[in-house]
Amino acid sequence: MTPNTPTPNTLTPNTVKPVARLRASWLGALTLLSLATTALFALLIAPADSVQGDAARLLYLHVPAAWLAYLAFFVTAVASALYLWPRTRRSAWDQLAGASAEVGVLCTGLTLFVGSVWGRPIWGTWWEWEARLTTTAILFFLYVGYGALRRIGGPGSERRNAIAALIAFVDVPVVHFSVSWWTTLHQEGSVFNDRMEVQIDDPLMSLTLWLAVASFTLFYAWCCVLRMRLFELEAGRAERDLANAIEQRIASRAVPMGTG
Amino acid sequence: MDSNWGYVALGYMVTAGALGAYCTHLGLRLRRARRLDAGRPAEGSAPACGAPE
């Protein structure tokens, strides 16, 4: 390397294409608009429940957050499996897994919190160590651990992360079927379950619930896009820093040899 | 007025706060990463010891 060779700092920046940035902005605007509309419907337009009263309005947060947690961890598991599969191994799958799990942890935390706030007026308790709540709490801590594992980094970390994500995903069906497998305080699913006594009969309530699910899903997509972009920028930066360090090391060796 | 509105307000405010905080966190990190990517120092960061600037 000659002294006039550009330093790695002048390497082409890992800039994001303006079109992609514009799309993300539109997705963000759409997400905020749909979340605001959901809040309007959930708090003002949808009627109160005939049994639970206004406390049932927490349904429009609790159910979408739980749905999104399932979706996020499912995507994490699929992306991890695709990373482990040699033919489809790409860092982008690992990044998607990490981005999705982060939103999943947020949504699981919200599911637990909103469920607890809802349980206080309806069940008379903030928390019970019953199957659904306990397995959901375990799910939350499993993916917090997965997030911590990702931060360790190092050689082979992507493979290790992918295996951990697949192991953690085992708890998702356990959470889902816990209300069927064990006697729980938590009711069974009411959206796709015709056997249930609890039904959402009011069309406005159903509309609000589906609007909330759609809004949260948009939020998930938007956050994943932003998080993956952040992963790309950080990875590009780390690569350039490494290249910079290697070239500086080579240059520092070359100078004494030339002068001596 | 239904006495459960307090619980509803708590649930909605915390959820809005959590979603907003996460988005803000992502946005700020992304802005910082873009600045570093473009070769500019991140806002609020001091130049490294011995750096020309």
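What counts, and where the lines are drawn
- Residues numbered from 1 in each chain as written.
- Chains lettered and ligands numbered in written order.
- Predicted model: local features only at pLDDT ≥ 70, side-chain atom pairs only at ≥ 80, totals over all residues.
- Helix = DSSP H or I, 4+ residues; strand = E, 2+ residues; numbered from the N terminus.
- Buried ≥ 20, exposed ≤ 12 C-beta atoms within 10 Å, placed from the backbone.
- Contact = placed C-beta atoms within 7 Å.
- Axes fitted to C-alpha atoms, helices over the stretch in contact; angles between N-to-C directions.
- Parallel < 35°, antiparallel > 145°, perpendicular 65-115°, else oblique.
- Left-handed = near helix turned anticlockwise from the far one by under 90°.
- Nonpolar A, V, L, I, M, F, W, Y, C, P; charged D, E, K, R; others polar.
- Expected span 1.5 Å × (residues − 1).
- Core = buried A, V, L, I, M, F, W, Y, C linked by C-beta atoms within 7 Å.
- pLDDT = per-residue confidence, 0-100.

**Student:** Lay out the overall build of chain A in plain terms, naming residues and giving numbers.
**Tutor:** Along its length, chain A carries 7 helices and 0 strands. When its helices and strands are written in sequence order, chain A yields α-α-α-α-α-α-α. Classification of the 260 residues of chain A by burial places 33% in the buried group. Within chain A, contacts between residues at least 6 apart in sequence are counted, and of these 80% link residues at least 24 apart.

**Student:** Which residues make up the overall build of chain B, and what values do they have?
**Tutor:** Counting its secondary structure elements, chain B contains 1 helix and 0 strands. Classification of the 53 residues of chain B by burial places 15% in the buried group.

**Student:** Could you give an account of the packing of helix α2 (residues 59-84) of chain A against helix α5 (residues 157-169) of chain A, with specific residues and numbers?
**Tutor:** All names here are of chain A. Running from N to C, α2 and α5 cross one another at 140 degrees; their axes reach a closest spacing of 8 Å. With respect to each other, α2 and α5 are oriented oblique. Note that α2 runs across α5; the crossing there is left-handed. Along the contact surface, α2 presents F73, T76, A77, S80, A81, Y83 and L84, while α5 presents E158, R159, A162, A165, L166 and F169. Among the residues forming the contact of α2 with α5, the class breakdown is 9 nonpolar, 2 polar and 2 charged.

**Student:** Which residues make up helix α3 (residues 91-123) of chain A, and what are the values?
**Tutor:** Along an α-helix, a turn takes 3.6 residues, which lines up residues three or four apart on a common side. A rise of 1.5 Å per residue sets the reference length of α3(A), with its 33 residues, at 48 Å; its end C-alpha atoms lie 46 Å apart and thus fit the reference within 8%. Count one or two residues on from α3(A) and you reach G124(A), which has phi positive near 85 degrees.

**Student:** Break down the environment of N161(A) for me, citing the residues and quoting the values.
**Tutor:** Residue and element names in this part refer to chain A. You can see N161 is positioned in helix α5. Residue N161 is classed as buried on the basis of its C-beta count, with 23 C-beta atoms lying within 10 Å. Separated by 79 residues in the primary sequence, N161 and L82 have C-alpha atoms spaced 12 Å apart. Excluding its chain neighbours within four sequence positions, the residues that come into contact with N161 are D94, A97, L149 and R150.

**Student:** Describe in detail the interface of chain A and chain B, supporting the description with residues and values.
**Tutor:** Taken together, the contact pairs 31 residues of chain A with 22 residues of chain B. Contributions of two or more residues to the side of chain A that touches chain B are made by α1 (18-45), α3 and α7 (203-259) of chain A. Top contributing element to the side of chain A that touches chain B by residue count: α7(A), with 10 residues.

**Student:** Help me get a handle on the nonpolar core, residues and values and all.
**Tutor:** Within the largest apolar cluster, 61 residues are counted, with the highest numbers of intra-cluster contacts made by L58(A), A65(A) and A165(A). For A65(A), the residues in contact, after removing those within four places along its chain, are C107(A), L110(A), T111(A), V114(A) and F216(A).

**Student:** Can you explain the environment of W26(A)? Please cite residues and give values.
**Tutor:** Residue and element names in this part refer to chain A. One can find W26 in helix α1. On the basis of neighbour counts, which here come to 11 C-beta atoms within 10 Å, the residue W26 falls in the exposed class. Sequence separation between W26 and A56 is 30 residues; the distance between their C-alpha atoms is 32 Å.

**Student:** Tell me about the packing of α3(A) against helix α1 (residues 5-37) of chain B, residues and numbers included.
**Tutor:** Contact geometry of α3(A) with α1(B) gives a least axis separation of 9 Å together with a crossing angle of 170 degrees. The orientation of α3(A) relative to α1(B) falls into the category roughly antiparallel. Together, L106(A), L110(A), F113(A), V114(A), V117(A), W118(A), R120(A) and P121(A) of α3(A) and Y7(B), L10(B), G11(B), V14(B), T15(B), A18(B) and Y22(B) of α1(B) make up the contact between the two elements. For the contact of α3(A) with α1(B), the class distribution of residues is 12 nonpolar, 2 polar and 1 charged.

**Student:** Outline α1(B), listing residues and values.
**Tutor:** All names here are of chain B. Look at α1: 47 Å from first C-alpha to last across 33 residues, which is about the 48 Å you get at 1.5 Å a residue. All of the buried residues in α1 are Y7, V8, G11, T15, L19, L26 and A33. Following α1 by one or two positions, G39 has its phi on the positive side, about 90 degrees.

**Student:** Hey, could you go over the confidence of the model for chain A for me, with residue numbers and the actual values?
**Tutor:** Per-residue pLDDT for chain A has a mean of 86; in total, 85% of the residues score no lower than 70. Low pLDDT, under 50, characterises residues 1-16 of chain A; the stretch is placed with 23 contacts to residues that sit more than four places away or in other chains.

**Student:** Could you give an account of the confidence of the model for chain B, naming the residues involved and the relevant values?
**Tutor:** Looking at chain B, the pLDDT average stands at 81 and 70% of residues meet or exceed 70. We note a pTM of 0.82 for the whole complex and an ipTM of 0.81 for its interfaces.

**Student:** Can you break down the environment of L204(A) residue by residue, with the values?
**Tutor:** Residue and element names in this part refer to chain A. As for its placement among the helices and strands, L204 is situated in helix α7. Taking the C-beta count within 10 Å as the criterion, L204 has 12 such neighbours and is therefore assigned exposed. Distance in space between the C-alpha atoms of L204 and I45 is 8.0 Å, their sequence separation being 159 residues. What L204 contacts, discounting residues up to four positions off in sequence, is I45, A46 and P47.

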